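Understanding the architecture of this molecule
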Amino acid sequence: MKSIIVALAGGTGAAKFLRGLVAVVPPEQVAVIVNTGDDALVWGLHVSPDLDTVTYALAGLLDEAKGWGVRDDTFRCLAAMAALGRETWFNLGDRDLGTHLFRTERLAAGRSLTEVTEAIRRALGVRSRLLPASDSPVATRVLTPGGWLGFQEYFVREKARVEVLDVAYGGAETASPAPGVLEAIHAATAVVICPSNPITSIGPILAVPGIAEALASTPARVLAISPIVGGAPVSGPAGKLMAAKGLPVSALGVAQLYRPWLDVLALDRQDERLAPDVAALGIAPLVTGTLMTDRRAEAALARAVVDRLAS
Ligand code: FO1
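Quick look at the packing of aromatic side chains now. Taken as a whole, this structure holds four aromatic pairs when the rule is applied. Ring centres of Trp 89 and Phe 90 lie 6.2 Å apart, and the angle between their planes is 85°; this geometry places the pair in the edge-to-face category. Residue class for Trp 89 comes out partly exposed when judged on its relative accessible area of 27%. An angle of 55° between the planes, with centres 6.3 Å apart, marks the rings of Phe 151 and Tyr 154 as tilted.

For the ligand, the set of nearby residues contains 14 residues, the closest of which are Asp 38, Asp 50, Trp 68, Asn 91 and Gln 152. Here an oxygen atom of the ligand sits 2.8 Å away from a polar atom, N or O, in the side chain of Asp 50. The contact in question runs from an oxygen atom of the ligand to an N or O atom on the side chain of Gln 152, over 2.7 Å. Protein burial of the ligand: of its 530 Å² of free accessible surface, 89% is covered by the chains. Only helix H2 (49-59) and helix H6 (151-157) provide two or more residues apiece to the shell around the ligand. No other element matches the four residues that H6 contributes to the shell around the ligand. Here the shell around the ligand is built from residues that sort into eight nonpolar, three polar and three charged. Domain assignment of the residues forming the shell around the ligand places at least three in each of domain 1 (5-62 + 97-134 + 176-310) and domain 2 (139-170).

Taken in spatial order, the seven strands of this open sheet run S5-S2-S1-S9-S10-S13-S14, and their pairing is parallel. Of all the strands in the sheet, just strand S5 (129-132) and strand S14 (284-288) have a single pairing partner and so form its edges. Ignoring strand direction, the axes of neighbouring strands in this sheet form an average angle of 20°. Where strand S13 (residues 264-268) lies against S14, five bridges are found, and the strand directions are parallel. Looking across to S14, one finds that Ala 266 is bridged to Leu 286.

How two helices sit against one another is set out by the angle between their axes and by the gap between those axes. Orientation of helix H8 (residues 198-206) relative to helix H11 (residues 251-258), taken along the N-to-C sense of each, is 10°, at an axis distance of 13 Å. The angle between the axes of H8 and H11 places the two elements in the roughly parallel class. Contacts between H8 and H11 involve Pro 198, Ile 199, Ile 202 and Leu 206 from the former and Val 254, Leu 257 and Tyr 258 from the latter. In terms of residue class, the contact of H8 with H11 is built from seven nonpolar, no polar and no charged.

In terms of domain boundaries, the protein breaks down into domain 1 (5-62 + 97-134 + 176-310) and domain 2 (139-170). Here domain 1 and domain 2 have C-alpha centroids that lie 21 Å from each other. On the side of domain 2, 14 residues touch domain 1, which itself brings 14 residues to the contact. Both faces combined, the contact of domain 1 with domain 2 buries some 1100 Å², and carbon together with sulfur accounts for 62% of it.

What follows is about helix H1 (residues 12-24). With 13 residues, H1 should cover 18 Å at 1.5 Å per step; its first-to-last C-alpha distance of 19 Å lies within 8% of that length. Of all the residues in H1, the buried ones are Ala 14, Ala 15, Phe 17, Leu 18, Arg 19, Gly 20 and Leu 21.

Two numbers describe how H1 lies on helix H13 (residues 295-310): the axes approach to 7 Å, and their chain directions differ by 70°. By the criterion of interaxial angle, the relationship of H1 to H13 is roughly perpendicular. Crossing handedness for the pair H1 and H13: right-handed. Seen from H1, the contacting residues are Lys 16, Phe 17, Arg 19, Gly 20, Leu 21, Ala 23 and Val 24; seen from H13, they are Arg 295, Glu 298, Ala 299, Leu 301, Ala 302, Arg 303, Val 305 and Val 306.

Let us look at the sheet that holds strand S6 (residues 139-144). Spatial strand order, S7-S6-S8: three strands in an open sheet with antiparallel pairing. Sheet topology places strand S7 (147-150) and strand S8 (166-170) at the edges, where each strand pairs with a single neighbour. Along the sheet, successive strands turn relative to each other by an average axial angle of 30°, direction set aside. Of the pairings in the sheet, the one linking S6 to S8 comprises five bridges and is antiparallel in character. Looking at S8, one finds that Leu 143 is bridged to Asp 166. H8 contacts S6 and S8 of the sheet and is inclined by roughly 30° relative to S8.

Parameters and conventions
- Residues numbered from 1 in each chain as written.
- Predicted model: local features only at pLDDT ≥ 70, side-chain atom pairs only at ≥ 80, totals over all residues.
- Heavy atoms only, no water.
- Phe/Tyr/Trp six-rings, centres within 6.5 Å; stacked < 30°, edge-to-face > 60°.
- Buried < 20%, exposed > 50% of the residue type's maximum accessible area, 1.4 Å probe, protein only.
- Near = heavy atom within 4 Å.
- Polar contact = N/O pair within 3.5 Å; in protein donor to acceptor, adjacent residues only side chain to side chain.
- Areas by Shrake-Rupley, 256 points an atom, 1.4 Å probe, with all protein chains shown as cover.
- Helix = DSSP H or I, 4+ residues; strand = E, 2+ residues; numbered from the N terminus.
- Nonpolar A, V, L, I, M, F, W, Y, C, P; charged D, E, K, R; others polar.
- Domains from an automatic or database assignment.
- Pairing = 2+ DSSP bridges.
- Axes fitted to C-alpha atoms, helices over the stretch in contact; angles between N-to-C directions.
- Parallel < 35°, antiparallel > 145°, perpendicular 65-115°, else oblique.
- Contact = heavy atoms within 4.5 Å.
- Buried area = accessible area lost by both parts, 1.4 Å probe.
- Expected span 1.5 Å × (residues − 1).
- Left-handed = near helix turned anticlockwise from the far one by under 90°.

This is the structure:
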């Protein structure tokens, strides 16, 4: 039987790890289940930031400095919208707009997000399978002292600077996993949870009924890579959001959150002292370099993960 590694992914951290993964295993042997909780309507267009970040990364098109969008994109449409008095805090590049126009038009024509994602991946030459976690909307919302914000309002407009009191996944209770998601988890040789924000990237995937259960019941080993190193997130607001959920901001907090179904936790060498506490939760620690500072480091982390899963 063909071996397939199934990865659960958010945006930038996941994109780096997946780039490393397809450098060490054939891309056709990787299937990625991607967060849609960050999706937003911008100027009437359906933007799926994490699907696009992963797609662009695997297509070699990602703007690596920003960690999102298309490399060398221009922003002339954005400037035109600003001149017309529209809100432009969400920076949509001109080439990126092509993806959003295509997605929005195809969805309006009755295609599912899964079908549209498949069409985009094929057109861009991505050889790994990409699956949105759900075809129905799951909207991450953040409670601040001023009220609830959509995830992009919190993350981009407010630059994640406001206090976070709670996080919710609107629509998750009634959403179902996209076609192929549960089957992929059950048929996987191994499952990897990418080093993505546990609350706003992996949380919305797990909130879709059936997905956490599939992780608990799959015969495959499930390994997560901690996005928290040395008591702080490698990037983004994961620390604040974990604290808002009452979790310690550490690799141990990640272990506690994923404990119901996690077999192995990869944690950075800086956090080696936490390994016994992770083991005490019944999760096998894998102490390795998790900081993906360049392509070599991305591939080295992927290699360590693949080797551990094969052992
Ligand atoms: N992130 C920003 O910090 N500022 C932006 O203006 C911005 C625009 C944007 C456009 C398209 C896209 O696919 C992603 C974009 N992102 C932007 C990234 C995105 O908000 C987040 O990185 C993810 O939602 C978190 O994974």
